[in-house]
Amino acid sequence: MELALQKLEGIELQQGSHSSPEKGMCVMEAVAFVAGEPFSDHPSCSSPIIASFLRSWNDTLNTADRNRLLKPLIPFLIGTVASDAIELKRGWMLIDWLIRGFTPPWFRLAKLNEVAAALEAVTEVDSIERVEAAMRVITVAKQQAAAAGAAAGAAAWAAAGAAAWAAAGDAAWDAAWAAA
C-alpha cells in the first residue's frame, strides 16, 4: 500500500483514455500503472464491473473532484477481479442500486414522491425477469416525469444513466445469455 501511495504522488487524473502515462491517466489507467501492469484502462487486476463504473464516473467529474474522489480509491481497486459469478452479482447490485437507490432521490427533488416510492418498492433487481418488472415501473415513472414537465426529472434520468448504466449493461447482457 505504501508503494502504491508513493506511485500516486504527482499524478493528476484526467478525463478520457491516454496512450501513455506521460500523456495522462484516467483512474483505471492509474490502477494499471500503480499495479505494475501494462498501461491500459482495463487492468487485469481489477473487477471489470467496478472498472466500467469508474471509467464512466471519471469522465463525468471535473479535475478537482476526480482527484479528490477517485484517486484515493486506486490502491483499493488492485485485486478486485473476481469469478464470473461474483462479477455478475456485482452487475446486478449496480443495476439494483441505480433503480432503487440512486434514482428515487432525483424524483423527490422534482416533487415526484409517489414515483420515487414506487421505484424504492421494486423487488431487488437480480435477474432479467426482475429487470422487466422494474422497467414497467420505470416506464410509468418516466411518463409521469414527462407529464409533470419535470426538468428535474429529465435531469434525473440523464444523471442516472451515465456511470451506472455503462457498467450494468454488460452484466445484464451476460445474465441474459446465461439465462438463455
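So, how was this worked out
- Residues numbered from 1 in each chain as written.
- Predicted model: local features only at pLDDT ≥ 70, side-chain atom pairs only at ≥ 80, totals over all residues.
- Heavy atoms only, no water.
- Core = buried A, V, L, I, M, F, W, Y, C linked by side-chain atoms within 4.5 Å.
- Buried < 20%, exposed > 50% of the residue type's maximum accessible area, 1.4 Å probe, protein only.
- Helix = DSSP H or I, 4+ residues; strand = E, 2+ residues; numbered from the N terminus.
- Contact = heavy atoms within 4.5 Å.
- Expected span 1.5 Å × (residues − 1).
- Bend = angle between axes of the 7 residues up to and from the residue.
- Phe/Tyr/Trp six-rings, centres within 6.5 Å; stacked < 30°, edge-to-face > 60°.
- Axes fitted to C-alpha atoms, helices over the stretch in contact; angles between N-to-C directions.
- Parallel < 35°, antiparallel > 145°, perpendicular 65-115°, else oblique.
- Nonpolar A, V, L, I, M, F, W, Y, C, P; charged D, E, K, R; others polar.

Visitor: Residue-level account of the nonpolar core, with values.
Guide: The biggest cluster of nonpolar side chains holds 20 residues, and the ones touching the most others in it are Leu-13, Val-27, Met-28, Leu-54 and Ile-74. If you list the elements that add at least two residues to this core, you get α2 (27-35), α3 (48-60) and α5 (74-77). The element contributing the most residues to this core is α2, with five residues. Look past the residues within four positions of Val-27 in its chain and what remains in contact with it is Leu-13, Leu-54, Asn-58, Leu-70, Ile-74 and Leu-77. One finds Ile-99, Ala-110, Val-115 and Val-131 within the second-largest nonpolar core, a separate group that totals 16 residues.

Visitor: Let's hear about helix α6 (residues 84-109): which residues, and what values?
Guide: Each α-helix winds once per 3.6 residues, and so residues spaced three or four apart point in a common direction. A rise of 1.5 Å per residue sets the reference length of α6, with its 26 residues, at 38 Å; its end C-alpha atoms lie 37 Å apart and thus fit the reference within 8%. At Thr-103, α6 shows its largest kink, close to 40°, and the proline Pro-104 lies no more than four residues downstream. Taken residue by residue, α6 has Glu-87, Gly-91, Trp-92, Leu-94, Ile-95, Asp-96, Leu-98, Ile-99, Thr-103, Pro-104 and Phe-107 as its buried positions. The positive-phi residue at the C-terminal boundary of α6 is Lys-111, with phi of around 65°.

Visitor: Got a sec to walk through helix α8 (residues 128-147)? Specific residues and values, please.
Guide: Given a rise of 1.5 Å per residue, 20 residues ought to cover 28 Å, and the 28 Å separating the end C-alpha atoms of α8 matches this to within 8%. All of the buried residues along α8 are Val-131, Ala-134, Ile-138, Ala-141 and Ala-145.

Visitor: Which residues make up the packing of aromatic side chains, and what are the values?
Guide: Scanning the model with the defined rule gives four aromatic pairs in all. Residues Trp-97 and Phe-102 carry aromatic rings whose centres are separated by 5.1 Å and whose planes lie at 50° to one another, so their mutual orientation is tilted. Trp-97 gets classed as partly exposed once you look at its relative accessible area, which sits at 38%. Given a relative accessible area of 22%, Phe-102 falls into the partly exposed group. Within the aromatic cluster, the residues linked to one another by ring pairs are Phe-53, Trp-57, Trp-97, Phe-102 and Trp-106.

Visitor: Lay out the packing of α3 against α6 with the relevant residues and their values.
Guide: At a closest axis distance of 8 Å, the pairing of α3 and α6 adopts a crossing angle of 40°. As the angle between them shows, α3 and α6 are arranged oblique. Contact with α3, carried on its side by Pro-48, Ile-49, Ile-50 and Phe-53, involves Glu-87, Arg-90, Gly-91, Leu-94 and Trp-97 of α6 and no other residues of that element. For the contact of α3 with α6, the per-class residue count stands at six nonpolar, one polar and two charged.

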